[in-house]
Amino acid sequence: TRSLTITSVDQPMFEKAQGEKVTLPCTFELSEEDEGPLDIEWVLIPADNQKKEQIIIMYSVDKIYSHYYAALNGRMQFTNLDPRSGDGSLDILNLKAADTGTYQCKVKKAPGVQSRKIQLTVLVKPARTKCSIEGSQEIGKDVTLKCVSQEGSPLLSYDWRRVSGTQNLPTTSMLNKNTGELLLKNASQENSGIYNCVASNRVGTDECSVELNVTPPINTAGIITGAIIGTLLGLSVLCSIIFCFCKKHRDKKYEKEVHHDIREDVPPPKSRSSTARSYIGSNRSSLGSMSPSNMEGYTKTPYSQVPSEDFERTPAQNPTFASSKVAAPNLSRMGAVPVMIPAQSKDGSIV
């Protein structure tokens, strides 16, 4: 007997890029003999045959059920909101690499039953491609330009081209499209310029650029000599600073020691008042009994024997002697040297 048939074009494989949308076709025609309820199921067949099929969306008894597969929740729907029209195709939005797998569409309307499998492959476009230079950029050296994409599904292919000047690569260059390495042997200044790398796979491309600057060899001997001279100069300056600092510290320490030094071998100075009193006390007896008859004995005593330090004070500094009104005898007539005669105050002390 004649039953329903799936009429969509047989396209068993789909390749899409991550983030894109895909429509998995599943159109059908019903037969007059198919009188049972219409059921449409989309299932995911796991790569491991030991696992069961997973229903992802279903239309049954005029209702849509799409809560069976959490990984696709919110990202899948029937292309036609009324699958009874003969279109049970499935839309998957914002594809992810994990969506890769085998999907099967099953259409049931008793007694007819039909199904079709579709292989979906979600590819990742090349992204975050980086260019770099490996090796010395000196004349006569071998230089390698590298190109690597951090993201991208295999198989990735790399292609280099020169942007500045002629776009032709140097004749001495060697390109590996699988690894993205461009080897420039015996580089010359004519090889300098900007190079561009394009990474590609079946779903997209990405690119990066790098500038090559081939220069003459560096004067290594001059650099080493300059470094040595600079180091010696720096050490000499450092030594000078340290020497000045130590000398200054030594001078300060010496000044401090001299300032606080106490000379133990020098006796302390005598008190002026005690000296004068001692001198006066030693001669008090003789002065007290002085008379014109015995003044001759004192004429031989020079006036200079009296300690000068005892009489250095001015009248203002020695009020005791200034206030004394004791009159000394006129010794000039006797030919004697005048001397100071101590007087006795009212309280009996010698002034």
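Residues numbered from 1 in each chain as written. Predicted model: local features only at pLDDT ≥ 70, side-chain atom pairs only at ≥ 80, totals over all residues. Heavy atoms only, no water.

(A) Layout of the nonpolar core. Ranked by internal contacts, the top residues of the largest apolar core, which has 25 residues, are Leu-24, Trp-42, Ile-56, Ile-92, Tyr-103 and Leu-120. For this core, the secondary-structure elements that each account for two or more residues are β3 (22–24), β5 (39–45), β6 (54–60), β8 (76–78), β9 (90–92), β10 (101–109) and β11 (112–123). Counting residues in each nonpolar core, the second largest holds 17 residues, with Leu-145, Leu-184, Ala-187 and Val-214 among its members. (Core = buried A, V, L, I, M, F, W, Y, C linked by side-chain atoms within 4.5 Å. Buried < 20%, exposed > 50% of the residue type's maximum accessible area, 1.4 Å probe, protein only. Helix = DSSP H or I, 4+ residues; strand = E, 2+ residues; numbered from the N terminus.)

(B) View of the state of the cysteines. As enumerated under the stated definition, the model contains three disulfides in all. The disulfide partner of Cys-131 is Cys-208, and the gap between their sulfur atoms is 1.8 Å. Disulfide Cys-131-Cys-208: torsion about the S-S bond near 75°, hence right-handed. Within this pair, whereas Cys-131 is found in strand β12 (residues 127–134), its partner Cys-208 is found in strand β18 (residues 204–212), the two being separated by 77 residues in sequence. Overall, Cys-131 belongs to the buried group, its relative accessible area being 17%. Disulfide pairing places Cys-147 opposite Cys-197 at an S-S distance of 2.1 Å. When the S-S torsion is -90°, as for the bridge of Cys-147 with Cys-197, the disulfide is left-handed. Of this pair, Cys-147 sits in strand β13 (residues 143–151) while Cys-197 sits in strand β17 (residues 193–201); the two residues are 50 residues apart in sequence, bridging distant segments of the chain. Owing to a relative accessible area of 0%, Cys-147 belongs among the buried residues under this scheme. By relative accessible area, Cys-197 is classed as buried at 0%. If you count the bonded cysteines of the protein chain from the N-terminus, they pair up as 1-2, 3-6, 4-5. Between Cys-244, a cysteine without a disulfide, and Cys-246, which holds the nearest cysteine sulfur, the sulfur-to-sulfur distance is 9.4 Å. (Disulfide = S-S within 2.5 Å.)

(C) The arrangement of the sheet that holds strand β7 (residues 63–65) in detail. One open sheet accounts for six strands, arranged β2-β11-β10-β5-β6-β7; its pairing is mixed. Since the sheet does not close on itself, it has two edges, and those belong to β2 (13–17) and β7, each with one partner. Ignoring strand direction, the axes of neighbouring strands in this sheet form an average angle of 20°. The pairing of β10 with β11 spans nine bridges and is antiparallel. Paired with Lys-109 across the bridge in β11 is Gly-112. (Pairing = 2+ DSSP bridges. Axes fitted to C-alpha atoms, helices over the stretch in contact; angles between N-to-C directions.)

(D) Quick look at the environment of Ile-56. Inspection of the secondary structure assignment puts Ile-56 in strand β6. Setting aside chain neighbours within four positions, we find Ile-56 in contact with Trp-42, Val-43, Leu-44, Ser-66, Tyr-68, Tyr-69, Leu-72, Met-76, Leu-90 and Tyr-103. (Contact = heavy atoms within 4.5 Å.)

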